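Take a look at the letters that make up each chain.
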Amino acid sequence: MTELRRNLSLFDATALAIGAIVGAGIFVISGVAAGLAGPAVILSIIIAGIVSSFTAYSFVRLSSKIVEEGGPYVYAKIVISPFTGFITGWLWLFANIVAGATVSLGLASYVSSLLPVIPIVPIAISSILILVILNIVGIKQSSIFNAVLVILKLSALALFIVIGFSHLNFSLYEPFSPNGIKGVLSSAALIFFAYTGFGRPDTAEEEIKDPKHTVPRSIVLALVLSSIVYILVGIVSTGLIPYQKVANSGSPITDAIEYGIKIYWLKIFVSFAAIVATVSVLLTTIIGVSRVSFAMARDNLLPKIFSKMHKKFSTPYLAILITGIVMAILPLFGNLKQTANVTNFGSLLVYAIVNTTAMIMITTAPQ
């Protein structure tokens, strides 16, 4: 039987996590979050990062002990019960398949704004199918492509931060918290979802070198780096444009550049980075969904066809293809915002199960 290949290094695994984290959260949601908290969105980002770190710690502890493909599904199955694993796996698949479809529509909207003649839905569907093909060819090829995307989007954000610091208007930080603690916490709850994705390396543990050490380190590195970037972007963006002007914006960072920096090439580069970020999130979502369905098929919780490996590429190609096709069908139904809210609820349930699983493992492990 063809086996999964351990092709991914610490750099690859970290890029996989960052690829999943740094996406629409920073390029889109940060504006809505600033509208809720004002300049105190900086505190919201820190609070959300701290809350996320607790769940990240659970992933770190579990991934250092359990080295199997499948992430949350496998952890719940082994530590609690196969039935809990079954529920966790299906919740995770549903949440991420719909999330992938939603991300593809977001990507299509960015592209359509540049090329209005191309309809949104065909772009969304084709983007999923192209990344499905890349994923089938190999995890290493996918990780290299993802690493390039991650470097591009982090470079754009770094430029925004460096240039933005020299254009700060400190009067915009007053009042710092116009909506009080309620606004800060509401904003933090929204930003929390911008941190999700740090557990993506867990879903591909059998394809990562020395996973007991590499996966935990990649999660910590990705969360720390993403938190630093988020905080700095929050500081700069709220010092460039009044928070009221980005409360309903779909592109708060580019709005901040246009209002406070007025450098056209930087605006174009950041806009391009937003598209790149969306592609990266979509790619890592496809990787995660296919690996969890592959793991569930090995345990007979999905048809065995999902566990079939490609003889040449050593990838679970049918799991990638089938879940990718399902994801590609969903954009045909149009706006997925309401369903996306359900996926957020599903993601919270999965995180609750992961945290419970880690607590059980820690308390029952022999001293």
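The written sequence of each chain sets the order in which its residues are numbered from 1. Owing to the predicted nature of the model, reporting of local features is limited to residues with pLDDT of at least 70; listing and counting of side-chain atom pairs is limited to 80 or more, with chain, interface and lining totals taken over all residues. Calculation of side-chain values draws on the structure's entire complement of heavy atoms; hydrogens and water are dropped beforehand.

**Some remarks on the overall build of the protein**
A count of helical and extended segments in the protein gives 13 helices and zero strands. Numbering of helices and strands starts at the N terminus; helices are DSSP runs of H or I of at least 4 residues and strands are runs of E of at least 2. Starting at the N terminus and walking to the C terminus, you meet the elements of the protein as α-α-α-α-α-α-α-α-α-α-α-α-α. In summary, the protein has a C-alpha radius of gyration of 20 Å against a globular reference of 21 Å for 367 residues, a match within 12%. Counting only C-alpha atoms, the protein reaches 65 × 55 × 35 Å along its principal axes. When we talk radius of gyration, it's over C-alpha atoms, and the globule rule is simply 2.2 Å times the number of residues to the 0.38.

**Quick notes on the pattern of salt bridges**
Between Lys or Arg on one side and Asp or Glu on the other, a salt bridge is scored when a side-chain nitrogen of the former is within 4 Å of a carboxyl oxygen of the latter. Within the structure shown, the criterion is met by seven salt bridges. Between Glu206 and Arg298 there is a salt bridge, with its nearest N and O atoms 2.6 Å apart. You can see Glu206 sitting in the loop between helix 8 (180-195) and helix 9 (211-238) and its partner Arg298 sitting in helix 11 (residues 264-298), a full 92 residues away along the chain. Throughout, exposure labels follow a simple rule: accessible area from a 1.4 Å probe, protein chains only, divided by the maximum for the residue type, with under 20% read as buried, over 50% as exposed, and the rest as partly exposed. Since its relative accessible area comes to 33%, Arg298 is described here as partly exposed. If you follow the salt bridges from partner to partner, you end up with Glu68, Lys77 and Asp299 in one network.

**Side note on the environment of Ala56**
Here Ala56 is to be found in helix 3 (residues 41-65). For the pair Ala56 and Asn179, spaced 123 residues apart in sequence, the C-alpha to C-alpha distance is 29 Å. Two residues form a contact once any of their heavy atoms are found within 4.5 Å. In this view, Ala56 contacts Phe198, Ile219 and Leu223; residues no more than four positions away in its chain are not counted.

**Considering the packing of aromatic side chains**
Here a ring pair, both rings aromatic, is described through the centre-centre distance and the interplanar angle of the planes. Stacked, edge-to-face and tilted labels apply to pairs of Phe, Tyr and Trp rings (six-membered ring for Trp) whose centres lie within 6.5 Å, assigned for plane angles under 30 degrees, over 60, and everything in between, in that order. Evaluation of the coordinates by the stated rule reveals nine aromatic pairs. Residues Phe59 and Phe198 carry aromatic rings whose centres are separated by 5.8 Å and whose planes lie at 80° to one another, so their mutual orientation is edge-to-face. Of this pair, Phe59 sits in helix 3 while Phe198 is found in the loop between helix 8 and helix 9, placing the two residues 139 residues apart along the sequence. For Phe59, a relative accessible area of 2% corresponds to the buried category.

**Re helix 6 (residues 120-137)**
Each turn of an α-helix holds 3.6 residues, which means side chains three or four residues apart point in the same direction. By this rule the span expected of a helix is its residue count minus one, scaled by 1.5 Å. If you check helix 6, its first and last C-alpha atoms are 26 Å apart, about what 18 residues at 1.5 Å a residue would give, namely 26 Å. Its buried side turned inward, helix 6 meets helix 5 (82-114), helix 7 (139-165), helix 11 and helix 12 (317-329).

**Things to note about a nonpolar patch on the surface**
On the surface, Leu129, Leu321, Ile325, Ile329, Leu332 and Phe333 cluster together into a nonpolar patch covering about 560 Å² of accessible area. A per-element tally of the nonpolar patch places helix 12 first, with three residues. With respect to the secondary-structure elements, Leu321 resides in helix 12. Judged by relative accessible area, which is 34%, Leu321 ranks as partly exposed. Here the term patch refers to residues with relative accessible area over 30% and no salt bridge, with like charges joined within 9 Å and nonpolar side chains (Val, Leu, Ile, Met, Phe, Trp, Tyr) within 5 Å. For the accessible areas, the method is Shrake-Rupley and the probe is 1.4 Å, while residue cover comes only from the protein chains on display.

**Some words on the nonpolar core**
For our purposes a nonpolar core is just a set of buried Ala, Val, Leu, Ile, Met, Phe, Trp, Tyr and Cys residues, chained together by side-chain atoms within 4.5 Å. Of all hydrophobic cores here, the largest spans 109 residues; its most connected members are Phe27, Phe160 and Ile253. Element by element, the count of residues in this core is highest for helix 11, at 19 residues. Those residues in contact with Ile253, other than ones at most four positions away along the chain, are Ile26, Phe27, Leu157, Phe160, Val233 and Val270.

**Some words on the side chain of Thr88**
Relative to the helices and strands, Thr88 is located in helix 5. Thr88 gets classed as buried once you look at its relative accessible area, which sits at 0%. In this structure, Thr88 is in contact with Pro72, Tyr73, Ala76, Val350 and Ile353, ignoring residues within four places of it in sequence.

**A short note on the environment of Asp299**
Within the element layout of this structure, Asp299 appears in the loop between helix 11 and helix 12. On the basis of relative accessibility, which here comes to 31%, the residue Asp299 falls in the partly exposed class. Put simply, Asp299 and Ile42 are 257 residues apart on the chain and 44 Å apart in space, counted from C-alpha to C-alpha.

**With respect to helix 8**
The first and last C-alpha atoms of helix 8 sit 23 Å apart over 16 residues, in line with the 22 Å expected at 1.5 Å per residue. The term bend refers to the angle at a residue between two fitted axes, each drawn through seven residues, those ending there and those starting there. The largest bend in helix 8 amounts to roughly 25° and is located at Ala189. Restricting attention to buried positions, one finds in helix 8 the residues Gly183, Val184, Ser187, Ala188, Ile191, Phe192, Ala194 and Tyr195. Phi turns positive, to about 120°, at Gly197, one or two residues after helix 8.

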